[in-house]
Amino acid sequence: MKYYDKLIFELSREGRCGYSLPADAYPAAPALPGGVQRKSALMLPQVSEPEVVRHYTMLSQMNFGVDTGFYPLGSCTMKYNPKINEEIAAMKGFQGLHPLMGDDLVPGVRKVYEAMNSFLAEITGLAEFTFQPCAGAHGELTGLMVMRSYHWSRGDYARTKVIVPDSAHGTNPASAAVCGLQVVEVKSLENGRIDVEALKGLLDETVAGIMMTNPNTLGLFETQIKEIASLVHGVGGLLYYDGANMNPLMGVVRPGDMGFDIMHLNLHKTFSTPHGGGGPGSGPVGVAEHLRPCLKALKVSGFNGNFGVILRACAYILMLGRENLRKVGEYSVLSANYIKECLKDVYKLPIQGVCKHEFVFDGLINDGARESVEGATTLDVAKRLLDFGFHAPTIYFPLLFHQALMIEPTETESKETIDAFVEVMRKIAAEAAEDPMLLHEAPHCAPISRPDETTAARNPVLKYQDA
Ligand SMILES: *Cc1c(COP(=O)(O)O)cnc(C)c1O
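Just so we're clear, the structure is a prediction, and the values are computed from it rather than from any experiment.

(A) A look at the site of the ligand. With respect to spatial proximity, 13 residues lie near the ligand, and among them S75, G136, D242, H268 and K269 are the closest. Within the backbone of G136, an N or O atom sits 2.8 Å from an oxygen atom of the ligand. Side-chain polar atom of H169 to a nitrogen atom of the ligand: 3.4 Å apart, as the coordinates give it. Relative to its unbound accessible area of 380 Å², the ligand is 84% covered by the protein chains. Counting only elements with at least two residues in the shell around the ligand, the list comes to α6 (136-153) and α11 (267-270).

See the structure below:
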């Protein structure tokens, strides 16, 4: 441990101080009522200014972020977020807004919403968006409520089922269940696409709709989408599109044109807001013309969503413009295919062919399995990547493969960065064959090694504990 990795409480020395104020700068605070007064002084660390600065800088370096290095986390679109978005969101006029200010006081805000509505309508081919939902999953629930209220508005109460492919993002079946709908799974074929024959067997008048994404979660385009759309519409169901990852489609293909009736977008993924730490998100929901009244009637948020995120997305779209939004699609697909082709001789590629913005390996081809040593797993590869300064891909998802490694490079990485990643992935494959223990014990250079992630999330220890 380096000296400055010591926590600030351990560096504390009686009487040391990092600031000083003139004695008469502020009037004494009025005394608090007796019952709420502290009995003893607050135990704050007593440290100098450089120690405080080093402490917080050290903490900031204990985590990995998009601004630290390449972050190819599949189904998450960890692209670089241009800093100009932050500057715009931090402008005084925007920061001081209150949600109860009337339109007449903030015409500029109204304009941002109107502009975003027309941008997203053009990008997706749908008619109208609501910006109330504050996350992708919140958008899914909202979209399913639109679906349900459409059927109910026609007096059709028998539609209780939602069809979800087995490759779907976990939030899809969860949202359907939260909406009180019954989830029916449709299997994928060997080629990773929906089994259309199996789908036909599930379709009847009890189906409210299908939830899909295209390209699907394996990064594969559902080539039979037109047929799927007409089959589902044929029995009176609706098509819901999970548009969390719009990267590969922007400016190229539109869900509305594929036959989808309802969708959500994750502005905090595709449209560049920093995400992943549980901060504010935005999952606007768009609908086709005939569903407008159902959308208008819904209220799923106190106000109009997370304006800061919507504003960042607006700045991003305006900065790129039509032509460059299309390039986002093209480059994100090119990068994914490039990595796939560079690595498929050392990692198992279960589904061959061209992918879209992401793809899935099923572990190592030569996993180092020997008589006495267990082979290297996907978890080992993921942990070892950290030693080389790369974040891991998404692992063990989707559930279709036992050793899934799901790689999404996004459009914002240079060829040099991608080549460096490829080189490290090949090096790790070689290590797995020669010395699997090196991988089992990775990461060797991170502040912590292999936490129990479930316990860390459910029972976090967030305050200093004296050893
Ligand atoms: C991230 C993601 C979601 C969920 O979005 P949240 O904002 O985390 O709720 C849904 N579907 C897909 C495909 C995603 O990648």
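Next comes the rest of the description.
(B) Structural context of the sheet that holds strand β10 (residues 404-407). In space, the three strands of this open sheet follow the order β8-β10-β9, with antiparallel pairing throughout. The open sheet has two edge strands with one neighbour each: β8 (359-362) and β9 (394-395). Bridge count for β8 against β10 is four bridges, and the pairing is antiparallel. From the neighbouring strand, V360 faces β10, where its bridge partner is M406.

(C) The packing of aromatic side chains, seen in detail. Inspection of the entire model under this criterion finds twelve aromatic pairs. Each member of the aromatic cluster is reached from another via a ring pair, and the members are F94, Y113, F131 and F307.

(D) Quick peek at the nonpolar core. Within the largest apolar cluster, 48 residues are counted, with the highest numbers of intra-cluster contacts made by M116, L120, I210, L267 and F271. Contributing elements (two or more residues each) for this core: α5 (107-124), α8 (196-202), β4 (207-212), α9 (225-234), β5 (238-243), β6 (262-265) and α13 (307-343). By residue number, the principal contributor to this core is α13, which donates eleven residues. Aside from chain neighbours lying at most four places away, what touches L120 is G125, F129, F131, L265, L267, F271, P284 and I317. In terms of nonpolar packing, the next biggest core, distinct from the first, is built from 26 residues, I339, F390, I428 and A432 among them.

(E) Quick look at the pattern of salt bridges. What the rule picks out here adds up to 25 salt bridges. Notably, a salt bridge pairs E227 with K200, separated by 3.9 Å at the nearest N-O pair. Taken as a pair, E227 in helix α9 and K200 in helix α8 lie far apart in primary sequence, 27 residues in all. Here E289 and R292 are joined by a salt bridge, their closest N and O atoms 2.9 Å apart. Several salt bridges share partner residues, and in doing so they unite E128, E289, R292 and K296 into one network.

(F) Main features of a nonpolar patch on the surface. There is a patch of nonpolar side chains on the surface, built from L7, Y56, L59 and M62 and spanning about 370 Å² of accessible area. Within the secondary structure, M62 sits in the loop between α2 (49-60) and α3 (83-89). Accessibility expressed as a relative area gives 42% for M62, which makes it partly exposed.

(G) A look at the packing of α6 against helix α7 (residues 171-178). At their nearest, the axes of α6 and α7 sit 9 Å apart, and the two run at 45° to each other. The orientation of α6 relative to α7 falls into the category oblique. By crossing handedness, the relation of α6 to α7 is classed as right-handed. Counted together, A137, E140, L141 and L144 of α6 and T171, N172, S175, A176 and V178 of α7 form the full contact between these two elements. Across the contact of α6 with α7, the residue classes break down as five nonpolar, three polar and one charged.

(H) Representation of α2. For α2, built from twelve residues, the straight-helix expectation of 16 Å at 1.5 Å per residue is met to within 8% by its first-to-last C-alpha distance of 17 Å. Within the span of α2, buried status applies to E51, H55 and M58. An end-on view of α2 places all buried positions within 70° of arc, on one side of the element. Residues of α2 that are exposed and point over 90 degrees away from its buried face: E49, Y56 and S60. Buried-residue contacts for α2 involve α1 (8-11).

(I) The arrangement of the domain arrangement of the protein chain in detail. For the protein chain, the assigned domains are domain 1 (83-319) and domain 2 (323-446). Its C-alpha centre places domain 1 at a distance of 29 Å from the equivalent point of domain 2. With 25 residues of domain 1 in contact, the opposing surface of domain 2 contributes 21 residues. Considering only the side of domain 1, the residues that lose the most area to domain 2 are L218, N247 and P248, jointly responsible for 30% of the buried surface there. Where domain 1 packs against domain 2, one counts zero salt bridges.

Rules of the game
- Residues numbered from 1 in each chain as written.
- Predicted model: local features only at pLDDT ≥ 70, side-chain atom pairs only at ≥ 80, totals over all residues.
- Heavy atoms only, no water.
- Near = heavy atom within 4 Å.
- Polar contact = N/O pair within 3.5 Å; in protein donor to acceptor, adjacent residues only side chain to side chain.
- Areas by Shrake-Rupley, 256 points an atom, 1.4 Å probe, with all protein chains shown as cover.
- Helix = DSSP H or I, 4+ residues; strand = E, 2+ residues; numbered from the N terminus.
- Pairing = 2+ DSSP bridges.
- Phe/Tyr/Trp six-rings, centres within 6.5 Å; stacked < 30°, edge-to-face > 60°.
- Core = buried A, V, L, I, M, F, W, Y, C linked by side-chain atoms within 4.5 Å.
- Buried < 20%, exposed > 50% of the residue type's maximum accessible area, 1.4 Å probe, protein only.
- Contact = heavy atoms within 4.5 Å.
- Salt bridge = Lys/Arg side-chain N within 4 Å of Asp/Glu carboxyl O.
- Patch = residues over 30% accessible without salt bridge, like charges linked within 9 Å, V, L, I, M, F, W, Y side chains within 5 Å.
- Axes fitted to C-alpha atoms, helices over the stretch in contact; angles between N-to-C directions.
- Parallel < 35°, antiparallel > 145°, perpendicular 65-115°, else oblique.
- Left-handed = near helix turned anticlockwise from the far one by under 90°.
- Nonpolar A, V, L, I, M, F, W, Y, C, P; charged D, E, K, R; others polar.
- Expected span 1.5 Å × (residues − 1).
- Arc of directions from axis to C-beta.
- Domains from an automatic or database assignment.
- Buried area = accessible area lost by both parts, 1.4 Å probe.

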